[in-house]
Amino acid sequence: MCSLVMNRGSTVSAHTLIDQLWGDEVPTHPANALQTQIAYLRRALGGSAVAPILTRPGGYMLDLPADRTDVGRFETLRLEGGRRREIGTQQSLAAGLEACRSALGQWRGPAFFDVIGLDFAEVEIVRLEELRLLTHEELAETLLAMGRAPEAAAELGSLVIAHPLRERLHELLIVALYRTGRQSEALRSYARARNILAEELGVDPGPRLRELERRVLAQDPELDWTPPPGVMELVSEASVREPLDRQPVSAARGVISAVPAAESELVGRELEVGRIRELLTRCRLLTLTGPGGAGKTRLALEITSSESSRPVAVIDLAAATDDDVGAVLLTGLGAAAGVESDPVSAIVASLGDEPWLIVLDTCERVVAGLAPMVESLLAAMPNTTVLATSRRPLGLVGEIAWPVPPLGVPIHGLEPERAPAFELFVRRARRVNPELVLSSDDVAAVAELCRALDGLPLAIELAAAQMDVLTPATICAHLDGASTLAATSGTERHRTMRATTEWSIGLLDDPERDLLHRLVVFGPTFDLDAVLAVSAVDPTVTVERFATLVRSSLVAQAGDRYRLLDTLRFHLQTTDDQPQRLLDAGRRQAEHYAALAAQAYDEVRTPAQCPWMDRLQSDLTNLRLAIDWCFSPDGDEQLGARLAGDIAWIWTLQGNLVDSRKALERASVVEAPPHVRARVLLGVGLVAAPMGDNDLVRQVCSESAEIGRALHDDRTVAAALLTLGVAEWATGDLTSAASTHDEGAALYDGLDDRWGATVTRILRARTARDMGDLQTAEALLEVAVDDAKETGDRHVIGLAYEQYARLCLEWGDRERAEMWAQACLDQNETLGYQEGICAGLSLIGRIQLADGNPDAARSTHIRALGLASAIGHLGATCNALEAIAEIDASCGDHHRAALLLLSAERARRRLPLPPLEAKRIGALRRSLENVLDTGWEDIVTAARLGSLPSLVGSVLETG
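A few points on the structure.

Quick notes on the rules
Residues numbered from 1 in each chain as written. Predicted model: local features only at pLDDT ≥ 70, side-chain atom pairs only at ≥ 80, totals over all residues. Heavy atoms only, no water. Helix = DSSP H or I, 4+ residues; strand = E, 2+ residues; numbered from the N terminus. Buried < 20%, exposed > 50% of the residue type's maximum accessible area, 1.4 Å probe, protein only. Contact = heavy atoms within 4.5 Å. Areas by Shrake-Rupley, 256 points an atom, 1.4 Å probe, with all protein chains shown as cover. Core = buried A, V, L, I, M, F, W, Y, C linked by side-chain atoms within 4.5 Å. Expected span 1.5 Å × (residues − 1). Polar contact = N/O pair within 3.5 Å; in protein donor to acceptor, adjacent residues only side chain to side chain.

## Focus on the overall build of the chain
Scanning the chain for helices and strands turns up 44 helices and 10 strands. Burial analysis of the chain (959 residues in total) assigns 54% to the buried set. Long-range contacts, defined as pairs at least 24 residues apart, comprise 70% of the intrachain contacts of the chain with a sequence gap of at least 6. Of the roughly 40400 Å² of accessible surface on the chain, a fraction of 51% belongs to carbon and sulfur atoms.

## Looking at unusual backbone geometry
Even without being a glycine, His712 presents a positive backbone phi close to 55°. Relative to the assigned elements, His712 resides in the loop between helix H31 (694-710) and helix H32 (714-730). By relative accessible area, His712 is classed as exposed at 71%. For Asp752, which is not a glycine, the phi torsion comes out positive at approximately 55°. With respect to the helices and strands, Asp752 occurs in the loop between helix H33 (734-750) and helix H34 (754-770).

## Overview of the nonpolar core
In this structure, Leu516, Leu519, Phe526, Phe546, Leu549 and Val555 are the most contacted members of the largest nonpolar core, which totals 120 residues. Setting aside residues up to four positions removed in sequence, Leu549 forms contacts with Leu508, Glu512, Leu515, Leu516, Leu519, Leu554 and Val555.

## Here's the deal with the environment of Leu596
Looking at the element boundaries, Leu596 is found in helix H25 (residues 579-603). Take Leu596: its relative accessible area is 4%, and that puts it in the buried class. Non-local contacts of Leu596, meaning those with residues more than four positions away in its chain, are made with Trp612, Arg615, Leu616 and Asp619.

## Examining H32
Side chains three or four residues apart in an α-helix point the same way, a direct result of the helix having 3.6 residues per turn. Its 17 residues place the ends of H32 24 Å apart at the C-alpha level, agreeing with the 24 Å of an ideal helix rising 1.5 Å per residue. Most of H32 is tucked away, with 14 of its 17 residues classed as buried. Taking the backbone nitrogen of Arg715 as reference, a side-chain oxygen 3.2 Å away marks Asp713 as the first, capping residue of H32. Once H32 finishes, Gly732 follows within two positions and takes phi at roughly 85°, a positive value.

## Regarding the side chain of Gln834
Structurally, Gln834 is set in helix H38 (residues 834-850). A relative accessible area of 9% places Gln834 in the buried class. Of the polar contacts made by the side chain of Gln834, one reaches the backbone oxygen of Gly832; its length is 3.1 Å.

Below is the structure:
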């Protein structure tokens, strides 16, 4: 029964069931014996007429819905709990908590207790136990989000004891203890975690845990509890969504992008919500249209908040252009494409055939570039639905354009308080004036104001934001004055919105207006440091002026960042009569992000790596805008070259090869200073290496090294040699690779640069292993592993662990190889380094196959193939195809194995296999030739191979 439950909905072959039931002690007539067991089982489940065990060709299938098994109920409930927690309101958190508790309530002991220790159950038991722990973590996170820290601490105490090596549990316990006023206990908890990790694994706590200790010692206010929406109301059309740049990114198939939670209860839109939800069941493209400030975004977010049956992604296109809309979609959907890849193909490969709901927000400026991509996505992903918000439809066949109506306004002769527009005004007014009490005159003035603003939500919010200093009657009077100045063109609604916007800006003094105009140079969000950078006055004065803009609801808060209201941004861009101010702000913005990238160039090689990577991901759009400004007619190309060179390594780590290549192409033709030119060339090499263009890597890195030598700049030379050696190794020139990396390591040692020396020695160990010198490889790695931990760079640590795992495989020590490979995968997944994740998965898949588990190995390599293809990494793509071919051969599918091997071989024309891999794959090829009883050339002639991307897509689809 356990086997049938594990494979619910799929046929389990009779041969497999016989093997699982009796092992080596097979009865005389195994088929009859199995039929007898199935009959007993059917009777135990209620009789053969109603029992859900179905006979299928070659085996049996358990035909039960998920909610009829405790495993199915557990997984459904835990997913529901996670989705509710992501929504983030107090009500959804409470529902998520209940779902998590119900999920854990399905457990009555260890998973599949009756078959513990049997090989066929091991993988599923491990998977479920891991999900059980993740659910405990999610429950604790939900309690913390709800402000119930004492309960979270109680839950976590026993979990930390039972699972002492799980750093996330330690992190949550420390936060819970700190929030209950037990700072000393929180610090002791950290000390215990540090000692346990050192004694058991010989490692230090990860960067996040170390950073948490620092914040506890500093009593960082950000560690304090922040009430979720539903406890403290926050109303603003532009602040109800997290920006695109703040969304977590993952290139794994099936990952649900974080859906931003609305920060306030929706007012007066019940009919609209019901109608839109009904329309989404009948169409695949629905566009909410209307002017800025109509509440399109807030309405779309309300729709996503109730989605529990499909993955959802929300993508903000406010700062996108027709040229970069593909890159924005890739980022927002957690996909990545190689520099030559089509964005639509990369998205399809990453998202698969799941029934996604994709929300595209603020589409009106990129309709020309966006519409063809949406059309292609919908054609390639038949289960996907798109909900767009735009001032005009996308103009595609099958699109339903649904105008968002204004809020209902007070009607003369009826109670004004019952009108949605009136309710919204009062809610927003009480945010700035909590003691607000409206007299009968005030009620009449508010009603008149709502009618004058035509029920537009954003216009109402802007007006209500002044209720801390003005009366409703005063606001009405000033609004009338502003209306007389409004343009006479356009619809009445547009004129009303413009009048309200002009009136809100008119309340500012000249310096405040100047600062507001400068903020248009930013993308969807920005931080206070960026505001200070674009201001032309003293920082203290700037902070005071900026606070006024926030208090006036002209700038909205988005966590620890800020955003300019979309409607206001458009108004400022179209009414600014001081082009010199915009030019100055653009220069300051570019200089700020260039300085940020220069600082990050070194910081991402330290224990501060993860916070810096998160920060730069948050500012991805701002970095793009800075580069665009630098290479504009009024820009600074040399500044752009500096920025492109400094950000190249970081964007390589993040899998953002498209933006990096685009920036480096612009920078490559700039007459920059030699040291800048050298770094740009190195960046070109970093982007070309994953694509397998090793001739270009050798060319540009050799030139970069020559520039460094001419400048007597050993650091530049060493960096160029590091990447040059990788290209030499990748093309099979192991002697040159060893010599190049030896020279680079010596230069880094002379500079006392531990990071550079460590990376170079790890790569040198790889070359030594491939040359058959395992003793040298081991000696280098013994030192490099410890040095990698000292750097705090997860990329370097993961690289060291990867090479140790490969060395253990050469020794035949699969148990230690698996330990190091899993450690490699953990480091790279925490960092989000896609190339490193591929390497870890490749190793784990090889070990699983060697351990006799081809199904698990296939699943692992399929995931690696999807990631490698998404980021355009040719070597990793070929590795995955070769590994799947090996699995196919072991399972008897020799023809498919030969085709996959042939495809990888053809793709490797510029990228030969390292010697040890060549030996292994060569043996596989010879084996296939013998089994197929034909020559390899005959197979080549018979095969009709399409492009590599089409083959990869087919493998990902069929498994």
